[in-house]
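Fold and geometry: a report
Residues per chain, in single letters:
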Amino acid sequence: MDASVNTWSFFYTHLMSLWLNRFYIYSCAAFGIGIWICFQFITTKAKKQDEKSTQKLTPSKVTQDVLINGYTMPKTKEVYVAGVKVFYGSQTGTAKRFATILAEAILSLNLPAEIINMRDYDPDDCLAEEATSKNICVFLVATYTDGHPTENAAWFCKWLEEAVNDFRFGKTYLKGMRYSVFGLGNSVYVDHYNTVGKNIDKWLWMLSASRVMTRAEGDCNVTKSKHGSIEADFDAWKARFLTRLQALCKGEKKPCSGNCKKGKCKSKGKQSKEGSDHEQRVSEQENTEVEDLFETTSEEESGAEEDGSRNSVIDVEDLGKIMSHMKKAKKERELEEEAGRTGPSQQRSGNNEESERREMITPGLRDALTKQGYKLIGSHSGVKLCRWTKSMLRGRGGCYKHTFYGIESHRCMETTPSLACANKCVFCWRHHTNPVGTEWRWKMDQPEMILREAIENHQSLIKQFKGVPGVKVDRFEEGMVVKHCALSLVGEPIMYPEINTFLKLLHRHNISSFLVTNAQFPVEIRNLEPVTQLYVSVDASTKESLKKIDRPLFKDFWQRFLDSLKALAEKQQRTVYRLTLVKAWNVDELKAYAELVSLGKPDFIEVKGVTYCGENAASNLTMANVPWHEEVVHFVRELADLIPDYDIACEHEHSNCLLIAHKKFKIDGEWCTWIDYDRFQELVQVYEKSRGSKTFTAADYVAKTPHWAVFGSRERGFDPLDTRFQRKNKTKDISGC
């Protein structure tokens with residue numbers, strides 16, 4: 001009992017002591033809590049300062065941590081561009097080459113790049129995936145004949161067009177996909193210039209894909225090309241694209257407004273209205289082409305998407321206002337350009353017009369033609385050694401002109417004062433490496449310089465055969481003196497503005513002239529000075545087949561063709577129709593050919609089977625289109641039966657060629673298709689001295705055709721003075737006139 005009382009007294013005494021001193025105890029506790037709070041505040045502040053300093057050294061995206069299953073894991077860096085896919089639609093290989101160049105440039109930025117042939121890509125299965133892949137899709141597409149896509153891009157374009165018009169896909173089918181388009185075309189084809197690039201750009205935009213930059217266009221027409229050539233156009237676009245790509249990799253959704261100073265961008269997040277307006281003006285300056293309703297910039301699209309969230313339906317009245325505004329802006333631009341052209345400086349610009357014109361031969365074209373063996377002259381001419389020249393130097397026979405007209409093939413210079421042409425024939429043996437055009441818009445070299453350098457280059461090519469086994473010494477020496485000039489190398493010689501002066505220079509050098517034209521320049525044919533022999537290529541006899549075979553640039557090509565034949569009928573010197581037979585294309589048009597003969601009244605008609613020049617991406621011609629010699633003979637026999645004033649005169653089996661001549665050249669029962677070249681030079685000199693008053697006709701300089709050249713002879717057109725050489729298992733040289 002006493003023990004329990006003592007224990008209680010002990011506890012009671014201490015409790016009362018604590019109670020009596022409670023004020024001091026509370027004060028100590030409050031002091032301690034205050035010290036703890038101050039410590040925590042100071043510690044937290046110091047930690048925040050450390051975090052801020054760390055954020056300045058490293059991007060905030062990388063320093064943030066994520067708690068996963070109780071463990072702190074570093075957050076991976078966000079990827080804005082996973083890679084670039086470069087799609088190409090190419091016919092001749094230019095777009096494919098550009099795709100390779102672009103891919104290499106992208107790889108240099110440490111970004112994945114994939115080159116895709118549009119033929120091997122199935123848009124039905126794969127295109128929708130690009131909306132979520134974070135890839136940038138680049139389309140390098142060429143426009144082919146009549147505005148159609150190239151063969152390897154045809155299915156892709158067809159699918160894309162159908163998807164736009166198919167309600168099952170929906171207008172947001174490609175929302176999230178980012179793309180850019182570079183079109184390849186030729187502005188000479190006004191109605192179809194870069195049609196494929198424009199269509200792909202429009203169709204992707206209509207399916208809600210977003211442009212990363214405005215569509216660009218490369219122009220093969222150097223006179224209209226923004227930077228002088230299609231290669232320069234591509235290089236300029238590539239530089240802009242790579243700059244834009246680097247900005248996208250950093251997460252920038254819109255380009256910089258352009259108002260930044262000292263390298264610090266002030267357009268973070270949303271841009272100011274002024275910045276957007278400035279960027280739009282810059283974009284318009286960089287892209288001078290007039291754009292369609294669907295050709296908006298990426299900035300305009302992003303703005304449209306934001307507005308679309310509020311009002312996704314455009315009123316018809318608003319659409320009318322938009323179209324009116326676009327037409328008004330276009331008209332104002334045209335007026336400004338017209339004012340700029342007709343301003344006070346018009347007289348000075350007229351004087352400097354020639355110096356401001358661009359050269360026809362671009363660096364890329366120069367390389368391509370040089371590889372083919374051309375010796376280029378100045379800025380638009382060239383010369384090349386014909387294979388028949390080489391053959392006759394060795395005594396292995398001459399070309400069909402030797403058989404038909406008596407030229408000496410080893411003394412014939414094949415040249416042209418204009419590499420440009422107004423057609424893109426399917427059988428062109430130059431593989432369409434030469435430029436095209438409907439009028440002369442390039443710098444012009446003087447005819448004296450062209451002839452001088454043409455002869456010098458031709459002689460240098462002949463010199464290469466000195467000492468070559470089989471070359472005859474006498475013919476080598478004769479070959480150093482040019483006697484004939486075949487203006488049929490490539491292009492359209494009659495386009496050259498000084499063609500008459502050039503012809504006169506040839507005749508003053510005692511060089512005969514054989515000029516070939518594609519029957520698209522009737523006025524120039526009518527104004528042409530006397531030519532030893534004037535050719536017109538008659539590759540088809542109907543409007544449809546001519547368009548299919550020659551692929552002319554002129555809209556009124558058929559009327560020009562007919563007018564050219566009428567102009568030919570007015571010529572007094574020797575004239576020739578040149579027919580190239582393409583099996584399954586133009587060999588069944590005998591009656592139509594006969595009608596054309598009555599229209600142009602040529603002295604001679606050369607009928608030649610088409611020469612197959614090997615696989616060519618720009619043409620679908622194959623060996624199946626090359627007629628056998630007996631098929632050509634059969635065609636010529638049937639044609640001759642339909643034109644009673646003509647008959648078959650000569651044959652050159654080696655060239656797969658026959659000559660139909662007017663019966664006026666059959667004198668006393670013997671054919672006189674050969675030319676008295678010395679007599680022609682005498683006649684043309686008298687003509688020039690009399691300033692055209694003393695003219696002459698084809699009958700004034702004829703010569704007798706040797707028996708071996710006449711149709712039906714045992715030699716079949718091969719000169720018995722030479723030795724025929726048969727090639728075996730060797731690549732055939734198809735160059736020549």
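First, a word on scope: everything that follows refers to the structure included in this document. All values reported here derive from a predicted model rather than from experimental measurement.

Considerations on the overall build of the protein chain
Across its full length, the protein chain carries 25 helices and 22 strands. Across the 737 residues of the protein chain, 46% fall into the buried class. For the protein chain, the exposed area adds up to about 39000 Å²; of that, 53% sits on carbon and sulfur atoms.

Description of unusual backbone geometry
With glycine set apart, most residues show a phi of negative sign, and most peptide bonds adopt trans. Within the chain, Lys 134 stands out as a residue other than glycine whose phi angle is a positive 65°. In this structure, Lys 134 sits in the loop between α5 (123-126) and β5 (135-142). On the accessibility criterion, Lys 134 (40% relative accessible area) is partly exposed. Positive phi, close to 50°, is recorded for Lys 601, a residue that is not glycine. Mapping Lys 601 onto the fold places it in the loop between α23 (590-600) and β16 (604-609). Lys 601 gets classed as exposed once you look at its relative accessible area, which sits at 53%.

Looking at the packing of aromatic side chains
The full count for this structure, using the stated rule, is 30 aromatic pairs. Ring plane angle 35° and centroid distance 4.5 Å describe the contact between Phe 604 and Phe 665, whose orientation is recorded as tilted. Of this pair, Phe 604 sits in strand β16 while Phe 665 is found in the loop between β18 (657-662) and β19 (666-667), placing the two residues 61 residues apart along the sequence. Taken individually, Phe 604 and Phe 665 each receive the classification buried, so the pair is uniform in this respect. Each member of the aromatic cluster is reached from another via a ring pair, and the members are Tyr 400, Phe 404, Tyr 405, Phe 514, Phe 604, Phe 665 and Tyr 677.

Looking at the pairing of strand β4 (residues 113-117)
Two strands pair when backbone bridges link them, and strand β3 (residues 83-89) and β4 are joined in this way by five bridges, in the parallel orientation. Looking at the pairing, Phe 87 lines up with Ile 116 of β4. Crossover connection from β3 via helix α4 (residues 94-107) to parallel β4: handedness right-handed.

Description of the packing of helix α21 (residues 543-550) against helix α22 (residues 557-569)
Interhelical geometry of α21 versus α22 gives an angle of 100° and a closest axis separation of 10 Å. Taken together, the axes of α21 and α22 lie roughly perpendicular to each other. Seen from α21, the contacting residues are Lys 543, Leu 546 and Lys 547; seen from α22, they are Phe 557, Trp 558 and Phe 561. Residues of the contact of α21 with α22, tallied by class, amount to four nonpolar, no polar and two charged.

Reading guide: rules and limits
- Residues numbered from 1 in each chain as written.
- Predicted model: local features only at pLDDT ≥ 70, side-chain atom pairs only at ≥ 80, totals over all residues.
- Heavy atoms only, no water.
- Helix = DSSP H or I, 4+ residues; strand = E, 2+ residues; numbered from the N terminus.
- Buried < 20%, exposed > 50% of the residue type's maximum accessible area, 1.4 Å probe, protein only.
- Areas by Shrake-Rupley, 256 points an atom, 1.4 Å probe, with all protein chains shown as cover.
- Phe/Tyr/Trp six-rings, centres within 6.5 Å; stacked < 30°, edge-to-face > 60°.
- Pairing = 2+ DSSP bridges.
- Right-handed = clockwise from strand over helix to strand, strands pointing away.
- Axes fitted to C-alpha atoms, helices over the stretch in contact; angles between N-to-C directions.
- Parallel < 35°, antiparallel > 145°, perpendicular 65-115°, else oblique.
- Contact = heavy atoms within 4.5 Å.
- Nonpolar A, V, L, I, M, F, W, Y, C, P; charged D, E, K, R; others polar.

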